[in-house]
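Understanding the architecture of this molecule
Here's the letter readout for the chains.
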Amino acid sequence: KMEYKLRKAEPKDVPDILRLVKELAKYEDMEHQVALTEKDLLEDGFGETPFYHCIIAEIQGEKSSEDPNVVGFAMYYFTYDPWVGKQLYLEEFYVMDKCRGLGIGSEILRHLSDLAMKTRCTGMMFVVAENNEPSVQFYKRRGAEDLSEEEGWRLFRFDKTSLAKMATPAEE
Amino acid sequence: MMDFSIRPANVEDCKDIARMIRDLAEYEEMSDLVKITQRDLEQDGFSKNPFYHGIIAEVSDQHRSQDGHTKIGYALYFYSYSSWIGRAIYMEDLYVMQEFRGNGIGKALMSKVAQLGLAAGCNQLNFTVLDWNKSSMDFYFSHGCFNITTKLGYHCMRCEGEALENLAQP
């Protein structure tokens, strides 16, 4: 039986985090969209002001001398809803195929929900692609509400080019 | 052309921010959902680790609103992270009091958020809009953004209250 444990990510985990990010992107057919590098992840997650936090799921190899394997992770940060306050935002959540069905995903979610409550967040938020049926069901089964469907929220984005245009001050 | 200034919010602005948050919620027909207080805003925005940042649009006394306010617009934002491209900035609220619209104040607030985001190394500015809010959507589209819910099928989800408590149970 596979033993696993959850822990806070450390700088040494950055290569594994990027590996898993790319694996998940591949699963969503979007591998070419991952522009992040290990250097970015290191600076952004373990510098003076972290932009994200990460928890890692790792299994022990069969022989006690083998290195533990990082088989799952969750990337999150704190956001703010001006109506109800702090929220925990779940940016990325993934368990490797070979380790599914062991309850690792549920345990990660439980750990984050507990953290959300301890830090006095009133909710945990995330985004799901509507055609990702297994994920949509996974979350709805656990009581998640689809705000896009129920309240009509649409997610909008300015990418880098439009962002730069908008940041230019108006002509006098 | 009305003169206005855009500046970072400070703790004394929280009273007006709370007022305008409620105004915006009313405009979005969801004012009964506002639970936040001025005190929450002070603690959450101006302690050692702020959970949000604010920008205020202000006019001079001679242009104050019918109700006597000079702080007549705001934006709330925070930094977020995309596991694909890294640093991003999220604009949570953007609001200008009705009597001051049409003067470029909304654009100026959004520009400021964009500037701050770029200065912090962000690659995206994200926010949400209600699907019936056509005037806002037109405003945003005219500045070059796109609708990710439509384009990629992304839905915003939330787990709160009892559902969150149940999830936290061992």
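Just so you know, these numbers come straight off a predicted model, no measurement behind them.

Re the interface of chain B and chain A
Counting residues at the interface gives 71 residues for chain B, matched by 70 residues for chain A. Interface area for chain B against chain A, summed over the two sides, is near 6,900 Å², with a carbon-plus-sulfur share of 63%. Inspection of the region where chain B meets chain A yields 4 salt bridges. A salt bridge links Glu43(A) to Arg87(B); its shortest N-O distance comes to 3.9 Å. In this assembly, chain B and chain A are joined by 35 residue pairs in polar contact (both at pLDDT 80 or more). At 7 residues, strand β7 (residues 154-160) of chain B tops the list of elements feeding residues into the side of chain B that touches chain A. The class makeup of the residues in the side of chain B that touches chain A is 41 nonpolar, 18 polar and 12 charged.

Focus: helix α3 (residues 105-119) of chain B
Residue and element names in this part refer to chain B. Across its 15 residues, α3 extends 21 Å between first and last C-alpha, which sits within 8% of the 21 Å expected from 1.5 Å per residue. Those residues of α3 that fall on the buried side of the exposure criterion are Ile105, Gly106, Leu109, Met110, Ser111, Val113, Ala114 and Gly117. Phi for Gly121, located one or two positions after α3, is positive at around 80°.

Side note on the packing of helix α3 (residues 104-118) of chain A against helix α6 (residues 161-168) of chain B
Across the interface, α3(A) lies against α6(B) with an axial gap of 7 Å and an inter-helix angle of 125°. As summarised for this structure, α3(A) and α6(B) are arranged oblique, according to the angle between their axes. Note on packing geometry: the crossing formed by α3(A) with α6(B) is left-handed. Seen from α3(A), the contacting residues are Leu109(A), Arg110(A), Ser113(A), Asp114(A), Ala116(A) and Met117(A); seen from α6(B), they are Leu164(B), Glu165(B), Leu167(B) and Ala168(B). When its residues are assigned to classes, the contact of α3(A) with α6(B) shows 6 nonpolar, 1 polar and 3 charged.

Looking at the UniProt feature "domain: N-acetyltransferase" (unreviewed entry) in chain B
The positions UniProt marks with the feature "domain: N-acetyltransferase" (unreviewed entry) are residues 19-170 of chain B. With 36% helix and 30% strand, residues 19-170 of chain B has its two end C-alpha atoms placed 40 Å apart.

Reading guide: rules and limits
Residues numbered from 1 in each chain as written. Chains lettered and ligands numbered in written order. Predicted model: local features only at pLDDT ≥ 70, side-chain atom pairs only at ≥ 80, totals over all residues. Heavy atoms only, no water. Contact = heavy atoms within 4.5 Å. Buried area = accessible area lost by both parts, 1.4 Å probe. Salt bridge = Lys/Arg side-chain N within 4 Å of Asp/Glu carboxyl O. Polar contact = N/O pair within 3.5 Å; in protein donor to acceptor, adjacent residues only side chain to side chain. Helix = DSSP H or I, 4+ residues; strand = E, 2+ residues; numbered from the N terminus. Nonpolar A, V, L, I, M, F, W, Y, C, P; charged D, E, K, R; others polar. Expected span 1.5 Å × (residues − 1). Buried < 20%, exposed > 50% of the residue type's maximum accessible area, 1.4 Å probe, protein only. Axes fitted to C-alpha atoms, helices over the stretch in contact; angles between N-to-C directions. Parallel < 35°, antiparallel > 145°, perpendicular 65-115°, else oblique. Left-handed = near helix turned anticlockwise from the far one by under 90°. UniProt positions renumbered as here; feature names shortened; annotations may be inferred.

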